[in-house]
Amino acid sequence: MMVRLPFDDEHAPLYSVGQVADMLHVEQAFLRRLDEHDVVRPARSGGGQRRYTRHEIGDLQNAIQLVGEGMTLVAIRRIFELQHQVRELQEELARERATRREG
C-alpha cells in the first residue's frame, strides 16, 4: 500500500506567501490583500503564517487574471462566491437525479 503524502492532496496547506508570490510572479503584499478582502483565505500555520494549498493557488491564478481584466477585489470575491454556489447547486442536482434513478 502506497502512503499518501501531503503534496498529493490539493487541499493540503503547504506553500508560504513567499513561495506562492514567486510562483505567480506577484508581490507578497498583493497576496495579503487578497486574503484581507476574503478573495482567497489560506490556512494559517501554528505560528500564524499563511499556508496556501494547490487548490488556492489555482484560485489565485484566476484572481490575478480577473484583476488584469479590470475587476476589483470586491467583484472577484463575489464572482468566486457565485461560482461556489453554482458548484453546490450542480452537486445537489446530480444527487437528486441519482436518487430519482434509484427510486
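Each remark here, short or long, concerns the structure printed above.
What counts, and where the lines are drawn
- Residues numbered from 1 in each chain as written.
- Predicted model: local features only at pLDDT ≥ 70, side-chain atom pairs only at ≥ 80, totals over all residues.
- Heavy atoms only, no water.
- Helix = DSSP H or I, 4+ residues; strand = E, 2+ residues; numbered from the N terminus.
- Rg over C-alpha atoms; globule rule 2.2 N^0.38 Å.
- Buried < 20%, exposed > 50% of the residue type's maximum accessible area, 1.4 Å probe, protein only.
- Areas by Shrake-Rupley, 256 points an atom, 1.4 Å probe, with all protein chains shown as cover.
- Lys, Arg positive; Asp, Glu negative; His and termini not counted.
- Charge placed at Lys NZ, Arg CZ, Asp CG, Glu CD.
- Pairing = 2+ DSSP bridges.
- Contact = heavy atoms within 4.5 Å.
- Axes fitted to C-alpha atoms, helices over the stretch in contact; angles between N-to-C directions.
- Parallel < 35°, antiparallel > 145°, perpendicular 65-115°, else oblique.
- Left-handed = near helix turned anticlockwise from the far one by under 90°.
- Expected span 1.5 Å × (residues − 1).
- 1 Å grid on protein atoms, 1.4 Å probe; cavity = no way out; pocket = protein on both sides within 12 Å on 5 of 7 lines; lining within 4 Å.
- Points joined across faces, edges and corners; volume = space filled by probe spheres on them.
- Nonpolar A, V, L, I, M, F, W, Y, C, P; charged D, E, K, R; others polar.

### Some remarks on the overall build of the protein
Looking only at helices and strands, the protein features 4 helices and 3 strands. Secondary structure of the protein in N-to-C order comes out as β-α-α-β-β-α-α. Taking 103 residues into account, the globule formula puts the C-alpha radius of gyration at 13 Å, and the protein, at 17 Å, lies well above it. Projected onto its principal axes, the C-alpha positions of the protein cover 55 × 45 × 20 Å. Across the 103 residues that make up the protein, the buried fraction comes to 25%. When the accessible surface of the protein is summed, it comes to about 7500 Å², and 51% of that surface belongs to carbon and sulfur atoms. Averaging the positions of the 15 positive and the 17 negative side-chain charges in the protein gives two centres separated by 2 Å.

### Looking at the sheet that holds strand β1 (residues 15–16)
Reading across from one edge, β1-β3-β2 is the order of the 3 strands in this open sheet, with antiparallel pairing throughout. Strand pairing shows two members of the sheet lacking a second neighbour, β1 and β2 (43–44), which therefore form its edges. With 2 bridges connecting them, β1 and strand β3 (residues 50–52) associate as antiparallel partners. The residue of β3 that forms the bridge with Y15 is Y52. Its contacts with the sheet place helix α3 (residues 54–68) against β1, β2 and β3, and it is angled at close to 90° to β3.

### Let's talk about the packing of helix α1 (residues 17–24) against helix α2 (residues 28–36)
Between α1 and α2, whose axes approach to 9 Å, the crossing angle comes to 110°. Accordingly, the angle class assigned to the pair α1 and α2 is roughly perpendicular. Relative to α2, the crossing made by α1 is right-handed. Note on element contacts: α2 touches α1 through Q28, L31 and R32, opposite V17, G18, V20 and A21.

### What about α3?
Given a rise of 1.5 Å per residue, 15 residues ought to cover 21 Å, and the 21 Å separating the end C-alpha atoms of α3 matches this to within 8%. As for α3, its buried residues are in contact with β1, α1, α2, β2, β3 and α4 (73–102). Phi turns positive, to about 95°, at G70, one or two residues after α3.

### Some points on the layout of surface pockets
Taken as a whole, the largest pocket spans an internal volume of roughly 180 Å³. Every residue lining the largest pocket is listed: V39, H55, D59, N62, F80, E81, Q83, H84 and R87. Residue assignment for the lining of the largest pocket shows that the elements contributing at least two residues are α3 and α4. For the lining of the largest pocket, the leading source of residues is α4, giving 5 residues. Its residues assigned to classes, the lining of the largest pocket comprises 2 nonpolar, 4 polar and 3 charged.

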